[in-house]
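Overview (structure and organization)
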Amino acid sequence: MEVEKSIKGNGEIEEKEEELQKKKQPKKGGIRALPFILAIGSGGIRACVVPFSADQFDMTKNGVASRKWNLFNWYFFCMGLASLSALTIVVYIQDNVGWGWGLGIPTIAMLLSIIAFVLGAPLYKMVKPGGSPLVRLTQVIVAAIKKRKETLPDDPRLLYQNKKLDDAISLEGNLLHSNQYKFLDKAAIVKEEEARDPNAPPNLWKLTTVHRVEELKCIIRMLPIWSCGILLITTASHQHSFTIQQARTMDRHLSHKFQISPASMSIFNVLTTMIGVVLYERLLVPFVRRITKNPSGITSLQRMGVGFVVNILATLVAAQVEVKRKLVAAKYHLLDDPKAIIPISVFWLVPQYCLHGVAEVFMMVGHLEFLFEQSPESMRSTATALNSLTSGIGNYLGTLLVALVHKYTGKERNWLPDRNLNRGRLENYYWLASGIQVINLIYYLICAHYYTYKSIEEICDTNKEEELKAEEKISSVNLKDGNKDVEKGQHTKDK
């Protein structure tokens, strides 16, 4: 009896211990919610940090030309420095100390950054919001549809302009009229009933200014160039994970006792980007500036084009390295052993990492710079959000591409096998990715060739007040001229 009681007692103790262990384990729902919370936080920060930083400086054409440094280059340099810290210090702490400190240190760093941000708030230059840009774009579309049967005046100066109304969204100057997408100009046609009282505020759902029409035109012009970055991310999104799989099968020893982690190989990408940004700004730009007479050395479109070409070269090199890796595996009869360490140095992967880093210096920085410069002044946070959206869409399409390749390349000689990469055809996937990038480059060159840069009427601070005082007279003249133009058109029809 005593033995049975002791057994039952031990069983109860074990059950209680199991219950305590279950309580200590984190809930799966909370863990699954973490990526979504991080996505919301990073989405809010990344879309606003570049425009907010730019607000602290003179970002007009003359202001940018007078500086010897580029805001976007140094933004990516700081991002690279943060990534380098995460790949070295934080990873080391996670592996050797524990995940508690590994996640705690970034949390403490974020808390300190928030405190520094709040304390520095009185020193920042704050720009008052000018309303929702999406509402303004919708107003232009609605007004253009309502006036779709109206006839555009021969002189675009007769279209409605109101610099006082647009003052909050055009601190650096008003956008000038362009001849593209003329059907949108109908939103700025002044009808007879709208010209009766020049001093009355316009109904922006029926009549919008030329500046607001040009804002929508800027966004439409940018979209084809913006979309070129999606396919680039699509083909490159999973190369990092494939490279980690390759690195696991290669000799990673730096000495007899120390070997580099497969995930830490991306350090070479980050280091190349950081060094490349500095060399680009300090050496390449001053040299090219003497030839092109452009303060930036080359335009953002040219910079992106170079990045596309370098990225194709990086993918081709990755394919050749994979061929070399499998040849060595075949030489030592290791193709059927997925866990074997192939006697080939992991540093064969470094060239493709470095080329990807160079591509980022040109493509990723140039892409962000282009979206920021060519977007309307009041929509720069939207433009930088588009840059992040490129990565999001590209990664989803990259996952779809990998899934399709894995599904339709057969079971025996699958390009991307589940277990044994040595028996796969990863190099064929790289050839496919290179082909997609070449098609994307051709599409980009066509878009860049026909792209029209926005034109802006920059206003000096000394003349700003005079311009605003004269605005009521200018607006009144425009409305009266528009009314006369309507009367002339009606008189012609009667004849």
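Bear in mind the structure is a predicted one, so any value in this text is a computation, not a measurement. (Residues numbered from 1 in each chain as written. Predicted model: local features only at pLDDT ≥ 70, side-chain atom pairs only at ≥ 80, totals over all residues. Heavy atoms only, no water.)

Here we take up the overall build of the protein. Each helix and strand counted, the protein has 15 helices and four strands in total. Relative to its full complement of 495 residues, the protein shows a buried share of 40%. Counting only contacts in the protein whose residues sit at least 6 apart along the sequence, the fraction spanning at least 24 positions is 81%. (Helix = DSSP H or I, 4+ residues; strand = E, 2+ residues; numbered from the N terminus. Buried < 20%, exposed > 50% of the residue type's maximum accessible area, 1.4 Å probe, protein only. Contact = heavy atoms within 4.5 Å.)

Quick look at the pattern of salt bridges now. Inspection of every chain in the model, using the stated rule, returns 11 salt bridges. The closest approach of N and O atoms between Arg157 and Asp155, which form a salt bridge, is 3.1 Å. Judged by relative accessible area, Arg157 falls into the exposed class, the value being 60%. Using a relative accessible area of 25% as the deciding quantity, one classes Asp155 as partly exposed. In this structure, a network of salt bridges that share partners links the residues Asp185, Glu214 and Lys217. (Salt bridge = Lys/Arg side-chain N within 4 Å of Asp/Glu carboxyl O.)

With that settled, the discussion passes to the packing of helix 9 (residues 267-292) against helix 11 (residues 350-374). Contact pair helix 9 / helix 11: the axes reach a minimum separation of 8 Å and the direction vectors enclose 45°. With respect to their mutual orientation, helix 9 and helix 11 come out oblique. Between helix 9 and helix 11 the crossing geometry is right-handed. Where helix 9 abuts helix 11, its residues Phe268, Asn269, Thr272, Thr273, Gly276, Val277, Tyr280 and Leu284 lie against Val350, Tyr353, Cys354, His356, Gly357, Val358, Glu360, Val361 and Phe362. (Axes fitted to C-alpha atoms, helices over the stretch in contact; angles between N-to-C directions. Parallel < 35°, antiparallel > 145°, perpendicular 65-115°, else oblique. Left-handed = near helix turned anticlockwise from the far one by under 90°.)

Turning our attention to helix 8 (residues 239-248). Residues of helix 8 that are buried include every one of Gln239, Phe242, Thr243, Ile244, Gln246 and Ala247, and no others. On its buried face, helix 8 is in contact with helix 7 (210-236), strand 2 (250-251), helix 10 (300-331), helix 11, helix 12 (380-408) and helix 13 (426-449).

The next point concerns a nonpolar patch on the surface. On the surface, a cluster of nonpolar side chains totalling about 820 Å² of accessible area is made up of Val97, Trp101, Ile105, Ile108, Leu111, Leu112, Ile115 and Leu119. Relative to the helices and strands, Leu111 resides in helix 5 (residues 99-119). (Patch = residues over 30% accessible without salt bridge, like charges linked within 9 Å, V, L, I, M, F, W, Y side chains within 5 Å. Areas by Shrake-Rupley, 256 points an atom, 1.4 Å probe, with all protein chains shown as cover.)

For Tyr181, which is not glycine, the phi torsion reads 50° and is therefore positive. Along the chain, Tyr181 falls in the loop between strand 1 (174-175) and helix 7. Even without a glycine there, the phi angle at Lys293 is positive, about 65°. Relative to the helices and strands, Lys293 is located in the loop between helix 9 and helix 10. What makes Lys293 exposed here is its relative accessible area of 67%.

What follows concerns the packing of aromatic side chains. Counted by the stated rule, this structure contains 13 aromatic pairs. Ring geometry for Phe370 against Tyr451: centres 5.3 Å apart, planes inclined by 65°, an arrangement best described as edge-to-face. Note that Phe370 is positioned in helix 11 and Tyr451 in the loop between helix 13 and strand 4 (456-457), a separation of 81 residues in sequence. Comparing Phe370 with Tyr451, the two get one shared label, buried. (Phe/Tyr/Trp six-rings, centres within 6.5 Å; stacked < 30°, edge-to-face > 60°.)

Mapped onto the fold, Glu427 is located in helix 13. The class of Glu427 is buried, set by a relative accessible area of 10%. Contacts of Glu427, omitting those with residues within four sequence positions, involve Ala319, Glu322, Val323 and Lys326.

Tallying each qualifying case throughout the model produces zero disulfides. As a non-bridged cysteine, Cys228 has Cys447 as the owner of its nearest cysteine sulfur, 4.7 Å distant. (Disulfide = S-S within 2.5 Å.)

Now for the nonpolar core. Among the nonpolar cores identified, the biggest contains 31 residues, and Ile225, Met304, Phe308, Phe370, Leu371 and Tyr444 are the most heavily contacted of them. Of all the secondary structure elements, the ones that give two or more residues to this core are helix 2 (28-55), helix 4 (71-96), helix 7, helix 10, helix 11, helix 12 and helix 13. Contact partners of Phe308, with chain neighbours within four places excluded, come to Cys228, Leu232, Met363, Asn440, Leu441 and Tyr444. Ala143, Tyr160, Val210 and Met379 belong to the second-largest nonpolar core, a separate cluster that totals 18 residues. (Core = buried A, V, L, I, M, F, W, Y, C linked by side-chain atoms within 4.5 Å.)

Where helix 7 contacts helix 13, the two axes come as close as 9 Å, and the packing angle between them is 170°. Between helix 7 and helix 13, the interaxial angle falls into the category roughly antiparallel. Residue-level inspection shows Pro224, Ile225, Ser227, Cys228, Leu231, Leu232, Thr234 and Thr235 of helix 7 in contact with helix 13, the latter providing Tyr429, Ala433, Ile436, Gln437, Asn440, Tyr443, Tyr444, Cys447 and Ala448. Of the residues belonging to the contact of helix 7 with helix 13, the class tally is 12 nonpolar, five polar and no charged. (Nonpolar A, V, L, I, M, F, W, Y, C, P; charged D, E, K, R; others polar.)

What follows is about the environment of Glu412. Positionally, Glu412 belongs in the loop between helix 12 and helix 13. Taking the relative accessible area as the measure of exposure, Glu412 reaches 77% and is therefore exposed. Glu412 sits 11 residues away from Arg423 along the chain, and the two C-alpha atoms are 8.9 Å apart.

In this model, the protein carries an average pLDDT of 83, and 85% of its residues clear a pLDDT of 70 or more. Note that residues 461-477 has pLDDT below 50 and, in this model, 18 contacts with residues that lie over four places away or in other chains. (pLDDT = per-residue confidence, 0-100.)

A word on the pairing of strand 3 (residues 342-345). Alternating positions in strand 3 separate cleanly, Ile342 and Ile344 being buried on one face and Pro343 and Ser345 remaining unburied on the opposite face. Bridge analysis of strand 2 against strand 3 gives two bridges, and the strand direction is parallel. For Met250, the partnering residue across the bridge sits in strand 3 and is Ile342. (Pairing = 2+ DSSP bridges.)

When the terminal C-alpha atoms of helix 12 are compared, their 42 Å separation across 29 residues agrees well with the 42 Å that a helix rising 1.5 Å per residue should span. Looking only at helix 12, the buried set comprises Arg380, Ala383, Thr384, Leu386, Asn387, Thr390, Gly394, Gly398, Leu401, Val402 and Val405. Just downstream of helix 12 lies Gly410, where phi reads positive at about 85°. (Expected span 1.5 Å × (residues − 1).)

Looking now at the environment of Leu400. Within the secondary structure, Leu400 sits in helix 12. Classification of Leu400 by relative accessible area gives partly exposed; the value is 46%. Considering only alpha carbons, one finds Leu400 and Thr234, 166 residues apart in sequence, at a separation of 9.0 Å.

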